[in-house]
Amino acid sequence: MSHYDFHKNHFELLGLAPRFHLDAARLDQAYREIQAQVHPDRVAHLGSAERRVSMQWATAANEAYQTLREPLARARYLLHLRNVDTQEETNTAMPAAFLMEQMEYREAIAEAKATQDAHALERLEGQLKEKIAQHLAGLERALDHAHDDAAAAALVRSLRFLNKISAEIADALDALEQ
Amino acid sequence: MALMQIAEPGMSTDPHRHRLAIGIDLGTTNSLVATVRNGIAVVINDEQGRALLPSVVRYRPEEEPHVGYAAQRAQSEDPYNTIVSVKRLMGRGLHDLADAGSLPYAFVDAPGMVQLKTACGIKSPVEVSAEILKRLRERAEHALGGEMVGAVITVPAYFDDAQRQATKDAAKLAGLNVLRLLNEPTAAAVAYGLDNAAEGIYAVYDLGGGTFDISILRLSQGIFEVLATNGDAALGGDDFDHRIYCWILEQSSLAPLSAHDTRLLLTKAREAKETLTEYPEVRITAVLSTGEMVDLLLTAQVFDALTASLVGKTLGPTRKALRDAGLTADQVKGVVMVGGATRMPQIQRTVAQFFKQEPLNNLDPDKVVALGAAIQANVLAGNRVADDWLLLDVIPLSLGIETMGGLVERIVPRNSTLPTARAQDFTTFKDGQTAMSFHVVQGERELVADCRSLAKFELRGIPPMAAGAARIRVTLQVDADGLLSVSAREQSTGVEASVAVKPSYGLTDDDITRMLKDSYVHAKEDVHARALREAQVEGKRLVEATQAALAEDGEALLSAAERADIARGLSALAAALEGSDLTALKRAVETLNGLTVEFASRRMDASVRKALAGHRIEDVEC
């Protein structure tokens, strides 16, 4: 008799094909349908066996949803399923041009913070959004079409930096608002 | 014969019987209890027809404590023994209480949580809260006249693990089966959302007596999804009273006051605040025990100026919640106002300005939380309802583990949807190291010292290895109540050592038993009788649930031998329910639970497969 095996991967759990391109509405729908079945609120009146199983399922569904919903986490997870190490902690050899760009962003943020220039920050935010969108398109090409895992891993590493800078800009904007 | 019936699958006792359940809003200032009657959520009033129970407990020697209005009336004359706003003390140590000096209590600094010296001995805030809950339980039992399945107790969304654990312990102490701890803004959203068939992004702005919460929710197709929550667990209407109180002292140049006079002026301050909701000014008069007179005129304008910084303090968390949700104020469709303190005109104005729309005040801000809790309790108790909905709530504050240099390694980020589990691997730093200690903290700051310490524990029995070779996986599991459990396990050698940790603020079972015994000194029933009754309720519930599950899926999902095993467990439990042997009953419950784990797992799997059957295989063409 088969029953839920907690080694099932996130895509399998949510009934989705294992690829980077993802229909967000479909992901939401699948997640909601599963939670509607397994959430602890559904079994609060039942015995401890049911409640325990429910918590495990709902926890797994949340983890799957959170991982797949976020593009960087989704790309990293896909590579993990393909046994590719993204080397985010070990491989710090980034192209010089990329590092240059990072420094320029950081300097621009520091300057905008110092001069309390919200418009400059918003401009930076716009630029970064575009840059991130390019990376995501690149990830889709590498993961879903070209099957170039090494290129995808490199994109994951640089996307991680871009997300960090994006968060710094949001923090700076937030600090200006208050 | 009862036993035959029980052993027969599919013959569950009347499945349409309404299961009684209650929702309790355990507030800083007032508490309420509500239930669903004939499909409608109603607040249960006391015998005098009053909905609110002031959250005030007065201890008197050799007597049952007074709770509610009677206690409230005595707060000036008997300040040390009359505990008000105990919610602010839940899960808090003495050093956490910024205003401990101005509170008229005899505090005892105890490890974990502060305690209070009273005429009935030293009491923990958990025991004081349990008195309030007990009174509400009695009120509900009296009104409903049947056996209660359980209760949903609301807590501020921004309550941390220690405060939640303390609340759950208080409910246990009061003899309540806690179906769920529910966040107050979420409870309000349920009451509001179901009433208005709301869809879209809503904010719930909840300023109570002692706590402030802001939650951002997405309401869509019957799902209430909390996107982010933030707040201040020590900001509420009480602080507005306190500003008036300080103003009175300053204006009247009074010398340091006795506990009695402090309480008197705090009461006057609260009355003044309430009057200013309706009128442009208020006269404050009082005669102190020293004979000194207070006679002042407070205008709304001055009150606004006195409290502007408090009002402003609610906007920081509001901005953060919106940002965490990835939204801006103009994407919010409606702002639901909750908590008595939102009646203050300056709050209404500020919220309207921030969200650029009039806030929604069509629900009674004092009752909406209790009503929402009752609606949720009704469903959690297993009653069928016409609308079907689901709540997806989040953890308000990040969880982490202390690493080198007193820094926090964040493991569960705030606003993760519950239940959630996250694991992190750690390793030894010395050759041959066989033990490792862990410190779990909660909060957003980088330094351990700035976060709340939840649990410290040691993992022993790690096989001696070279430094860095052991792989110890620490797992933090947070359940649907927002409560944490921690386990640690050495992975690399296959040698398992694991510990389950209860946060250091939680009470041990021994503590609960001792407190129960204390509380029965003046009561009629005894501890054993109550424990037996509780076990019987649980046992009956398990019998019913198992029978219903067997009727639905027994044939399809179990072999004949498995069905026979479960039937034997059912008969044994039925027999134990007939007797009065507590140990035997508990054992029978445990056995049946053990026998049904596999069945529960298969049922869950089948229901998920059915739910996803509509769009099972996504077309795979890459």
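Since this is a predicted model, take the numbers as computed values, not measurements. (Residues numbered from 1 in each chain as written. Chains lettered and ligands numbered in written order. Predicted model: local features only at pLDDT ≥ 70, side-chain atom pairs only at ≥ 80, totals over all residues. Heavy atoms only, no water.)

1. Considering the overall build of chain B
Within chain B, the regular secondary structure consists of 16 helices and 27 strands. Computed over its C-alpha atoms, the radius of gyration of chain B comes to 26 Å, within 12% of the 25 Å expected for a compact globule of 622 residues. In terms of its C-alpha atoms, chain B occupies a principal-axis envelope of roughly 85 × 65 × 55 Å. Counting over 622 residues, chain B shows a buried share of 56%. Taking contacts inside chain B between residues at least 6 apart in sequence as the whole, the part at least 24 apart equals 66%. In the structure as shown, chain B presents an accessible area of about 26,400 Å², 50% of it carried by carbon and sulfur atoms. Between the mean site of the 65 positive side-chain charges and the mean site of the 82 negative ones, chain B shows a separation of 1 Å. (Helix = DSSP H or I, 4+ residues; strand = E, 2+ residues; numbered from the N terminus. Rg over C-alpha atoms; globule rule 2.2 N^0.38 Å. Buried < 20%, exposed > 50% of the residue type's maximum accessible area, 1.4 Å probe, protein only. Contact = heavy atoms within 4.5 Å. Areas by Shrake-Rupley, 256 points an atom, 1.4 Å probe, with all protein chains shown as cover. Lys, Arg positive; Asp, Glu negative; His and termini not counted. Charge placed at Lys NZ, Arg CZ, Asp CG, Glu CD.)

2. Description of the interface of chain A and chain B
Chain A puts 54 residues into the contact, and the matching count from chain B is 57 residues. It is Arg-32, Asp-41 and His-45 of chain A in chain A that bury the most area against chain B; as a group they hold 14% of the surface buried on that side. On the surface where chain A and chain B come into contact, there are 4 salt bridges. Notably, a salt bridge pairs Asp-41 of chain A with Arg-180 of chain B, separated by 2.8 Å at the nearest N-O pair. (Buried area = accessible area lost by both parts, 1.4 Å probe. Salt bridge = Lys/Arg side-chain N within 4 Å of Asp/Glu carboxyl O.)

3. A look at the side chain of Asn-230 of chain B
Residue and element names in this part refer to chain B. Tracing the chain through its elements places Asn-230 in strand β15 (residues 223-232). For Asn-230, a relative accessible area of 6% puts it in the buried group. If we skip the residues at most four places from it in the chain, Asn-230 touches Tyr-158, Phe-212, Asp-213, Ile-214, Pro-317, Lys-320 and Ala-321.

4. Some words on the packing of aromatic side chains
A full pass over the atoms with the stated rule returns 9 aromatic pairs over all chains. Ring centres 5.0 Å apart and planes at 75 degrees place the aromatic pair Phe-354 of chain B and Phe-355 of chain B in the edge-to-face group. No difference in accessibility class separates Phe-354 of chain B from Phe-355 of chain B, as the two residues are buried. With centroids separated by 5.7 Å and ring planes inclined at 70 degrees, the aromatic side chains of Phe-426 of chain B and Phe-438 of chain B adopt a geometry described as edge-to-face. Here Phe-438 of chain B lies in strand β23 (residues 436-442) and Phe-426 of chain B lies in strand β22 (residues 420-426), a separation of 12 residues in the sequence. Pair check on accessibility: Phe-426 of chain B and Phe-438 of chain B agree, each one buried. Through pairs of rings, three or more aromatic residues link up here, namely Phe-426, Phe-438 and Phe-457 of chain B. The aromatic ring of Phe-20 of chain A is capped on one face by Arg-74 of chain A, whose charged end is 4.6 Å from the ring centroid. (Phe/Tyr/Trp six-rings, centres within 6.5 Å; stacked < 30°, edge-to-face > 60°. Lys NZ or Arg CZ within 6 Å of the ring centre and 35° of its normal.)

5. Looking at the pattern of salt bridges
As enumerated under the stated definition, the model contains 43 salt bridges over all chains in all. When the shortest N-O distance is used, the salt bridge between Glu-168 of chain A and Arg-106 of chain A registers 3.1 Å. Linking Glu-168 of chain A in helix α7 (residues 149-177) with Arg-106 of chain A in helix α5 (residues 96-114), this pair joins segments that are 62 residues apart in sequence. A single salt-bridge network, built from bridges that share partners, covers Asp-41 of chain A together with Lys-168, Arg-180 and Asp-481 of chain B.

6. So, the domain arrangement of chain A
Here the domain parsing of chain A yields domain 1 (10-69) and domain 2 (96-177). A separation of 31 Å is found between the C-alpha centroids of domain 1 of chain A and domain 2 of chain A. (Domains from an automatic or database assignment.)

7. Regarding the packing of helix α5 (residues 184-196) of chain B against helix α11 (residues 368-380) of chain B
Residue and element names in this part refer to chain B. Where α5 meets α11, the closest approach of the two axes is 7 Å, and the angle between their N-to-C directions is 80 degrees. Of the possible angle classes, the one that applies to α5 and α11 is roughly perpendicular. For the pair α5 and α11, the contacting residues are Glu-184, Ala-187, Ala-188, Val-190, Ala-191 and Leu-194 in the first and Val-368, Val-369, Gly-372, Ala-373 and Ile-375 in the second. A class-by-class count of the residues in the contact of α5 with α11 yields 9 nonpolar, 1 polar and 1 charged. (Axes fitted to C-alpha atoms, helices over the stretch in contact; angles between N-to-C directions. Parallel < 35°, antiparallel > 145°, perpendicular 65-115°, else oblique. Nonpolar A, V, L, I, M, F, W, Y, C, P; charged D, E, K, R; others polar.)

8. With respect to the sheet that holds strand β24 (residues 452-459) of chain B
All names here are of chain B. A sheet is described by the order of its strands in space; here 4 strands give the open sequence β21-β20-β23-β24, paired in antiparallel fashion. Where the open sheet ends on each side, the last strands, each with one partner, are β21 (407-412) and β24. For this sheet, the mean angle separating the axes of adjacent strands, direction not counted, is 30 degrees. Inspection of the sheet shows strand β20 (residues 399-403) paired to β23 by 3 bridges, in the antiparallel sense. Note that in β23 the partner of Ile-401 across the bridge is Val-440. (Pairing = 2+ DSSP bridges.)

9. Brief notes about the confidence of the model for chain B
With 90% of its residues at a pLDDT of 70 or more, chain B has an overall mean of 87. Contacts for the low-pLDDT stretch residues 1-15 of chain B, under 50 throughout, to residues beyond four places or in other chains number 18 contacts. (pLDDT = per-residue confidence, 0-100.)

10. Structural notes on the sheet that holds β15 of chain B
Sheet architecture is open: 5 strands sit in the order β18-β13-β14-β15-β19 (chain B), paired in mixed fashion. A strand with exactly one partner marks an edge of an open sheet, and here the two such strands are β18 (334-338) and β19 (390-392) of chain B. Neighbour-to-neighbour, the strand axes of this sheet turn through a mean angle of 25 degrees, independent of strand direction. Across 9 bridges, strand β14 (residues 212-220) of chain B lies against β15 of chain B in antiparallel orientation. If you follow Phe-212 of chain B over to β15 of chain B, its bridge partner there is Asp-232 of chain B. Along the sheet face, helix α2 (residues 24-38) of chain A touches β14, β15 and β19 of chain B and points at about 110 degrees away from the line of β19 of chain B.

11. Thoughts on helix α16 (residues 597-612) of chain B
Between the first and last C-alpha of α16 of chain B there are 23 Å, a value that for 16 residues agrees with the 22 Å anticipated at 1.5 Å per step. Turning to α16 of chain B, its buried residues are Phe-599, Ala-600, Ser-601, Arg-602, Arg-603, Met-604, Asp-605, Ser-607, Val-608, Ala-611 and Leu-612 of chain B. (Expected span 1.5 Å × (residues − 1).)

12. Here's the deal with the packing of helix α8 (residues 300-313) of chain B against helix α9 (residues 315-324) of chain B
Residue and element names in this part refer to chain B. At a minimum axis separation of 4 Å, α8 and α9 run at an interaxial angle of 15 degrees. Regarding the angle of α8 to α9, the classification is roughly parallel. Seen from α8, the contacting residues are Val-311, Gly-312 and Lys-313; seen from α9, they are Leu-315, Gly-316 and Pro-317.

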